[in-house]
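# Close look at the chain arrangement
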Amino acid sequence: MSGLSVRARVTRRDFDVDLTVPPGEVLAILGPNGAGKSTLLDVVAGLLVPDSGAVLLGDKALTDTAKGIAVPAHQRAVSLLAQDALLFPHLSVEANVAFGPRSRGMRGRAATTLAREWLRAVDAEEFASRAPGSLSGGQAQRVALARALAVHPRVLLLDEPMAALDVTAAPAMRALLRRVLRGEGGRDGGMPPDSRPTGTILVTHDIIDAVTLADRVAVIEAGKVIEEGPVAAVLARPRSRFAARIAGVNLLLGTAADGGSPGLGAVEEGGAKVIGRAEDGWRSGGRAAAVFSPAAVAVHLTHPDGSPRNVFQVLIAELEDRGGIVRVRAADPAAGGAGLAADLTPAAVARLGVVPGMAVFFAVKATEVEVYPY
């Protein structure tokens, strides 16, 4: 393994994770608040020594508790870009970017030249002589990215890098990060040679970040990796409530059962049965999931008759404005939070009189549901 390998346990935080990032890959880390995402970054950056485990970068151990190895943070070739730029206010933009190379022994003129190259690569060369306080949020984050990359890190950690940006600056920063992470650089494509990180870990709550920037995604809940894989695969076939919610789909987990007809399978849980399209060779028994879009769900005030094969009686928990569509989300008594969702037009919501606390029926055809083992 020539990329990044992380295996760490931190008992007091109930954190126990084993992850790898192959060379050149961007791994997105998703999970709810308090899941352990920041702990993962702290362990990789050398800000936290785990109770047991190892962090390996190629054949070099950055952390190895069994051998007593804990390389200091500033010697790890790891850079962190957080949601706040945290530029040095007393230094110019150019001096901010040159600071890292100079602190590693590079002479002043060479460090300035390198800083200019990186500012050019992130489309921020025009700000070189300005003070950080005069920059907008998006401009400051571009400079912070140049500063993080100017030390030629082998590992780049991105901690919600777009979270503090406004709706106009975030897409531009996302596009820039995509170019940089693929070694394309700024407007002229000119990045310093051998500057692309060996591996990148992106912590985000925004599914757009994962879709546009990452190669793979790992979902962390309660300090454990509960699913991981290629971004498209995890979003198409989630195995956790969190992944399903950010993917915008309904997910039901249970035991595989007979679907009653060729090409159909079922998932049973707590006496309920959900029927959907299944791949050839569907077998009963074992863990299985059912997934379907909120747009495929019809809402009825009374139990519907006719073609829908799956009907759920639910209690409405909340209504969300989704830009011309109202997402009607049901309560989930088992999880103590939000459950299944249906997408309706505002006119349909008004016609049905749907409000929080109301009991209704969700219905979805079997042809709109996909069932799969996991």
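The structure we're discussing is the one just above.
Described below are features of the structure shown in this document. (Residues numbered from 1 in each chain as written. Predicted model: local features only at pLDDT ≥ 70, side-chain atom pairs only at ≥ 80, totals over all residues. Heavy atoms only, no water.)

## Comments concerning the nonpolar core
Among the nonpolar cores identified, the biggest contains 52 residues, and Val 97, Trp 118, Leu 119, Val 143, Leu 145 and Met 173 are the most heavily contacted of them. If we skip the residues at most four places from it in the chain, Leu 119 touches Val 93, Glu 94, Val 97, Ala 124, Glu 125, Ala 128, Val 143 and Ala 146. In this structure, Ala 256, Val 314, Val 328 and Val 369 belong to the second largest nonpolar core, which totals 29 residues. (Core = buried A, V, L, I, M, F, W, Y, C linked by side-chain atoms within 4.5 Å. Buried < 20%, exposed > 50% of the residue type's maximum accessible area, 1.4 Å probe, protein only. Contact = heavy atoms within 4.5 Å.)

## Examining helix H1 (residues 37-45)
One turn of the α-helix equals 3.6 residues, which is why residues spaced by three or four share an orientation. In terms of burial, H1 is a largely internal element, seven of the nine residues being buried. Those residues of H1 that sit buried are Lys 37, Thr 39, Leu 40, Leu 41, Val 43, Val 44 and Ala 45. (Helix = DSSP H or I, 4+ residues; strand = E, 2+ residues; numbered from the N terminus.)

## Remarks on the sheet that holds strand S11 (residues 224-230)
As summarised here, the arrangement of the six strands in space is S7-S8-S9-S3-S10-S11, forming an open sheet in which the pairing is mixed. Each edge of the open sheet carries a strand with a single partner, namely strand S7 (78-81) and S11. Ignoring strand direction, the axes of neighbouring strands in this sheet form an average angle of 20°. With five bridges connecting them, strand S3 (residues 25-30) and strand S9 (residues 199-203) associate as parallel partners. Across the sheet, residue Ile 29 finds its bridge partner in S9, namely Val 203. Contacting S7 and strand S8 (155-159), helix H4 (residues 137-149) runs over the sheet at an angle of about 175° to S7. (Pairing = 2+ DSSP bridges. Axes fitted to C-alpha atoms, helices over the stretch in contact; angles between N-to-C directions.)

## Remarks on the pairing of strand S1 (residues 4-10)
Strand residues, when the strand is regular, have side chains that alternate between the two faces of the sheet. Taking burial as the measure, the seven residues of S1 include five buried ones, the bulk of the element. Alignment of S1 against strand S4 (residues 52-57), held across six bridges, turns out to be antiparallel. Paired with Leu 4 across the strands is Leu 57, a residue of S4. Strand direction decides the pairing type here: S1 and strand S2 (residues 15-21), joined by seven bridges, are antiparallel. When the sheet's bridge partners are listed, Leu 4 is paired in S2 with Val 21.

## Description of the sheet that holds strand S5 (residues 60-64)
Sheet architecture is open: five strands sit in the order S2-S1-S4-S5-S6, paired in antiparallel fashion. Each edge of the open sheet is held by one strand with a lone partner, namely S2 and strand S6 (69-70). In the packing of H1 onto the sheet, contacts are made with S1, S2, S4 and S5, and the angle to S1 comes to roughly 115°.

## Some details on helix H5 (residues 169-181)
The end-to-end C-alpha distance of H5 is 18 Å, a good match for the 18 Å that 13 residues give at a rise of 1.5 Å each. Within H5, the full set of buried residues consists of Ala 169, Ala 170, Met 173, Arg 174, Leu 176, Leu 177, Val 180 and Leu 181. For H5, the arc enclosing every buried residue in end-on projection is 165°, short of the 170-degree limit, so these residues lie on one face. Residue Gly 183 follows H5 closely and has a positive phi angle near 75°. (Expected span 1.5 Å × (residues − 1). Arc of directions from axis to C-beta.)

## Brief notes about the environment of Ile 207
Structurally, the position occupied by Ile 207 is in helix H6 (residues 207-213). Between the C-alpha atom of Ile 207 and that of Leu 165, which follows or precedes it by 42 residues, the distance is 16 Å. Contacts of Ile 207, omitting those with residues within four sequence positions, involve Leu 30, Leu 235 and Ile 246.

## With respect to the side chain of Arg 329
Tracing the backbone through its elements, the reader meets Arg 329 in strand S18 (residues 326-332). A distance of 3.3 Å separates the side chain of Arg 329 from the side chain of Glu 320, its partner in a polar contact. (Polar contact = N/O pair within 3.5 Å; in protein donor to acceptor, adjacent residues only side chain to side chain.)

## Observations concerning unusual backbone geometry
Despite not being glycine, Asp 123 has its phi angle at roughly 60°, a positive value. Along the chain, Asp 123 turns up in the loop between helix H3 (108-121) and H4. Here Glu 160, not a glycine, exhibits a phi torsion of approximately 50°, which is positive. As for its placement among the helices and strands, Glu 160 is situated in the loop between S8 and H5.

## Some thoughts on the side chain of Thr 39
Within the secondary structure, Thr 39 is located in helix H1. Among residues more than four places away in sequence, those in contact with Thr 39 are Val 10, Arg 13, Phe 15 and Leu 48.

## Focus: the pattern of salt bridges
Applying the stated criterion to the full structure yields 17 salt bridges. One salt bridge in this structure joins Arg 322 and Glu 320, with 3.2 Å as the shortest N-O distance. Here Arg 329 makes a salt bridge to Glu 320, at a shortest N to O gap of 3.3 Å. For Glu 320, a relative accessible area of 17% translates into the label buried. Members of the salt-bridge network, linked through shared partners, are Arg 245, Glu 318, Glu 320, Arg 322 and Arg 329. (Salt bridge = Lys/Arg side-chain N within 4 Å of Asp/Glu carboxyl O.)

## A word on the packing of helix H2 (residues 93-103) against H3
Contact geometry for H2 and H3: axes closest at 8 Å, N-to-C directions at 120°. Taken together, the axes of H2 and H3 lie oblique to each other. In the packing of H2 onto H3, the handedness of the crossing is right-handed. Contact with H2, carried on its side by Val 93, Glu 94, Val 97, Ala 98, Pro 101 and Arg 102, involves Gly 108, Ala 111, Thr 112, Leu 114, Ala 115, Arg 116, Trp 118 and Leu 119 of H3 and no other residues of that element. A per-class count over the contact of H2 with H3 returns nine nonpolar, two polar and three charged. (Parallel < 35°, antiparallel > 145°, perpendicular 65-115°, else oblique. Left-handed = near helix turned anticlockwise from the far one by under 90°. Nonpolar A, V, L, I, M, F, W, Y, C, P; charged D, E, K, R; others polar.)

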